[in-house]
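# Residue-level structural notes
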Amino acid sequence: MTDLSRRDFLKLARDGFLYLSGALALGGLFRFLDYESNPAPQTEFDLGPAEKYPPGSRTSIPEIPALLIHSEQGFSALSLVCTHLGCSVESDAGGFACPCHGSRFDAEGEVTHGPADKSLRSLRVVITAESHLLLLA
Amino acid sequence: MRRLLPLASLLFLLTLLLAWWMNSRAPKPVELIPTLTGQPEYCLTCHADLPEISASHPVKTFGCVSCHGGERLALDADLAHSTMRGGANPSDLSVVEASCGGGNCHSGSEADDRHHIQRVLTSVQSTYAGAIASIRFTFGAQTDLTARFGISAVTDEHSQTGITSLAAFDPTSESNPSIQKFSGNCLTCHINAAPREGDVYARQTGCAACHTPLRLPQNSQNLGGVSRRDEGGGVHILTTAIPYTQCNACHNRGNYDLRTMTFIERSDYPTIRLSDHPTTRLQDYYQPISQFTLCEYTLDCVDCHTRSEVMGDGDLYSSQAEIQYVQCKTCHGTLTELPLTKTLTDPNDIAFRMAFLNPVLELKLGDTIIVTEKGEPLWNIRLLPSPSGEGTGVRAVYEMIGKATSQYFTFRPVMGTACEQKPDEQESQYCHACHAVER
């Protein structure tokens, strides 16, 4: 093994620093270019096969939050977000009640008691080619 | 140049190392997108341990920024807090409209009785108009006791009291030294004043002066009635179950010395403690020179005094005495009259809204509650069903549930008793003559 001269050692160290700096700078650049901002809030929800929801059923989907209704007219959905300030309403005898400020809605989502002054929002439900229900919030 | 390259490279590496080290120490950002705003905020990165402020203001719906302000995306504490409204108290009246207002919140319509901020801004709690008028009258600066000034200028276009506006009280325009002393010493006590120095006064202005009690109500589910300050934490609560200790923090804290025009704080004022035995309440909290009946020191102030008395009714008044109207007879009636009552038939009755916010009892349609002479509901007092009434010989019985304690009481009206009251002597001083407690 040949002895490394002082000059060669310094040259090697310098080159090492340079390559390392370059590699880290490139890494930083890639990381910057690769940055993914937070995804937009989800607006489409796959609720699975339509046969999971028999006629007459009313199924709460808490993660949206929404209520999927399968009536004689077909599938429909109600947003369970209170139209007053946005709290999640809860099922109550004959309808829905907001736990924050006491608004009440009937089973169809119509306001029966303020402070909310608008009905619960209707959400679109479509059936995909694979017979899955897709809820559009 | 060629020689500087390794040095630049070394500096670059050190900078990267420093950046990595700082990044590794920073907390992992916690994002919240409140339903109300739909805008991400990162306050929970540091404040995830704060309890919900109230059932009506869940953080999932409101987030933090809609009430507190601040830089919602900042992860540096100083930057995040740099634009907060009102510091620790976003309900300070100087910023309350931005923090608590809005048509859907506390600047709602008068018809719905949701104009809380407007009512508070015109209330004597906020204007301090009575004290200012009284002092100016006493020292000859005005010829009668009608209020002309408030701590801030305020107008009431639909005045029912004849006072349509108050000008901002300007101490520098007063020539009498006693009025100037009053200005220097006594204007910090009202909820529209600049808060006094010190943590203990941090939330004694604005809505928080009443609704953020230093001692939690006994029926609070959070800490079992223990002051969070005693636990070394802050106070993050909004409640309508306001314990008497909160009222007494201002209303029993000392006396005015008119000779020196100063406020002398009581030396024996009880500190906030972990345990507060009710038997010591009379001695600790009530001034020796005054008299009190059993209910005046057993109940909480909010059990009898109404919203309009405390928060104002939207009109400007010249003194506290003009707006405070609840008397013993409001609940107990007189020898010839039972207390006024109302049977709840409308699900939109405001009594239900109040009971919803402080559910110490389950109010139902058909319940009969006591109402004041102005029609305000004392929704926590119900007439118990019994065969009482004229001709039955049975006296009515009312039940009362303490708003801050959930304690259960029953009482009967004065009618049918041997009480020696005179019909025109209904102020508490006359009741104290027989019913004041010994201490």
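Here the structure is shown first, and the text comes after it.
The rules we used
Residues numbered from 1 in each chain as written. Chains lettered and ligands numbered in written order. Predicted model: local features only at pLDDT ≥ 70, side-chain atom pairs only at ≥ 80, totals over all residues. Heavy atoms only, no water. Salt bridge = Lys/Arg side-chain N within 4 Å of Asp/Glu carboxyl O. Buried < 20%, exposed > 50% of the residue type's maximum accessible area, 1.4 Å probe, protein only. Pairing = 2+ DSSP bridges. Helix = DSSP H or I, 4+ residues; strand = E, 2+ residues; numbered from the N terminus. Axes fitted to C-alpha atoms, helices over the stretch in contact; angles between N-to-C directions. Disulfide = S-S within 2.5 Å. Contact = heavy atoms within 4.5 Å. Buried area = accessible area lost by both parts, 1.4 Å probe. Polar contact = N/O pair within 3.5 Å; in protein donor to acceptor, adjacent residues only side chain to side chain. Nonpolar A, V, L, I, M, F, W, Y, C, P; charged D, E, K, R; others polar. Phe/Tyr/Trp six-rings, centres within 6.5 Å; stacked < 30°, edge-to-face > 60°. Lys NZ or Arg CZ within 6 Å of the ring centre and 35° of its normal. Parallel < 35°, antiparallel > 145°, perpendicular 65-115°, else oblique. Left-handed = near helix turned anticlockwise from the far one by under 90°.

On to the pattern of salt bridges, then. Per the stated rule, a full pass over the model turns up eleven salt bridges over all chains. Ionic pairing is found between Arg119 of chain B and Asp113 of chain B, a salt bridge with its closest N-O pair at 3.2 Å. Asp349 of chain B is paired through a salt bridge with Lys342 of chain B; the nearest N and O atoms lie 2.7 Å apart. With relative accessibility at 10%, the residue Asp349 of chain B sits in the buried group. Relative accessible area serves as the criterion here: at 30%, Lys342 of chain B is assigned to the partly exposed category. Linked by salt bridges that have partners in common, Lys11, Arg14 and Asp15 of chain A make up one network.

Quick look at the sheet that holds strand E8 (residues 111-113) of chain A now. Residue and element names in this part refer to chain A. Sheet architecture is open: four strands sit in the order E5-E6-E7-E8, paired in antiparallel fashion. Of all the strands in the sheet, just strand E5 (90-92) and E8 have a single pairing partner and so form its edges. Neighbour-to-neighbour, the strand axes of the sheet open up by a mean angle of 35 degrees, direction not taken into account. Sheet topology note: the E5/strand E6 (residues 95-97) ladder contains three bridges and is antiparallel. When the sheet's bridge partners are listed, Ser91 is paired in E6 with Phe96.

Looking now at the state of the cysteines. This model, assessed by the stated rule, comprises one disulfide over all chains. Sulfur-sulfur distance for the disulfide between Cys87 of chain A and Cys100 of chain A comes to 2.1 Å. Sign of the S-S torsion, about -100 degrees for the bond between Cys87 of chain A and Cys100 of chain A, identifies this disulfide as left-handed. Of this pair, Cys87 of chain A sits in the loop between strand E4 (74-79) and E5 while Cys100 of chain A sits in the loop between E6 and strand E7 (104-106), and the two are 13 residues apart along the sequence. Given a relative accessible area of 2%, Cys87 of chain A falls into the buried group. Free of any disulfide, Cys46 of chain B has its nearest cysteine sulfur in Cys43 of chain B, 9.0 Å distant.

For the rest of this paragraph, the subject is the interface of chain A and chain B. Between chain A and chain B, the residue contacts involve 23 residues of the former and 25 residues of the latter. Summed over the three residues of chain A that lose the most area to chain B, namely Arg14, Phe17 and Leu85 of chain A, the buried surface amounts to 27% of that side. Counting the contacts that link chain A with chain B gives zero salt bridges. The tally of links from chain A across to chain B stands at five residue pairs in polar contact (both at pLDDT 80 or more). The biggest single contributor to the side of chain A that touches chain B is helix H1 (residues 6-33) of chain A, with eight residues. Taken together, the residues of the side of chain A that touches chain B break down into twelve nonpolar, nine polar and two charged.

As a further point, take helix H9 (residues 129-138) of chain B. All names here are of chain B. Within H9 the residues assigned to the buried category are Ala129, Gly130, Ile132, Ala133, Ile135 and Arg136. Next to the buried residues of H9 lie helix H8 (124-127), strand E1 (149-150), strand E3 (165-168) and helix H10 (177-186). Positive phi shows up at Gly140, right after H9, with a value of about 80 degrees.

Here the focus is the pairing of strand E5 (residues 262-265) of chain B. All names here are of chain B. As paired strands, strand E4 (residues 254-257) and E5 are joined by four bridges and run antiparallel to one another. Residue Asp257 lies in a different strand from E5, and its bridge partner there is Thr262. Linking E4 to E5, which pair antiparallel, is a turn of four residues; within it Met261 sits at a positive phi near 55 degrees.

In this section: the packing of aromatic side chains. Residues and elements named next belong to chain B. What the rule picks out here adds up to five aromatic pairs over all chains. Relative to Phe411, the ring of Tyr398 lies with its centre 5.3 Å away and its plane at 20 degrees, an arrangement referred to as stacked. On the criterion of sequence distance, the pair formed by Tyr398 in strand E9 (residues 398-401) and Phe411 in strand E10 (residues 408-411) is long-range, its members being 13 residues apart. Under the relative-accessibility criterion, Phe411 is labelled buried at 15%. Here the aromatic residues Tyr128, Phe149, Phe169 and Phe182 are joined through ring pairs into a cluster of three or more. Positioned above the aromatic ring of Tyr325, the side-chain terminus of Lys374 is 4.6 Å from the ring centre.

Residues and elements named next belong to chain A. Here strand E2 (residues 58-61) runs beside strand E3 (residues 66-71); their pairing, made up of four bridges, is antiparallel. Each residue of the ladder has a partner; that of Arg58, found in E3, is Ile69. Remark: four residues form the turn of the hairpin made by E2 and E3, two consecutive strands paired antiparallel.

This part covers the side chain of Ser107 of chain B. Structurally, Ser107 of chain B is set in the loop between helix H6 (96-100) and helix H7 (116-122). According to the relative accessible area criterion, Ser107 of chain B is buried, its value standing at 16%.

Residues and elements named next belong to chain A. If you trace the six strands from one edge of the open sheet to the other, you get E1-E10-E9-E4-E3-E2, paired in antiparallel fashion. Edge strands, defined here as strands with exactly one partner in the open sheet, are strand E1 (44-49) and E2. Neighbour-to-neighbour, the strand axes of this sheet turn through a mean angle of 25 degrees, independent of strand direction.

Quick look at the packing of H1 of chain A against helix H1 (residues 4-25) of chain B now. With their axes 9 Å apart at the nearest point, H1 of chain A and H1 of chain B run at an angle of 45 degrees to one another. The angle between H1 of chain A and H1 of chain B falls in the class oblique. As H1 of chain A packs across H1 of chain B, the resulting crossing turns out to be left-handed. For the pair H1 of chain A and H1 of chain B, contact is made by Arg14, Phe17, Leu18, Leu20, Ser21, Leu24, Ala25 and Arg31 of chain A and by Leu5, Pro6, Ser9, Leu10, Phe12, Leu13, Leu16 and Asn23 of chain B, respectively.

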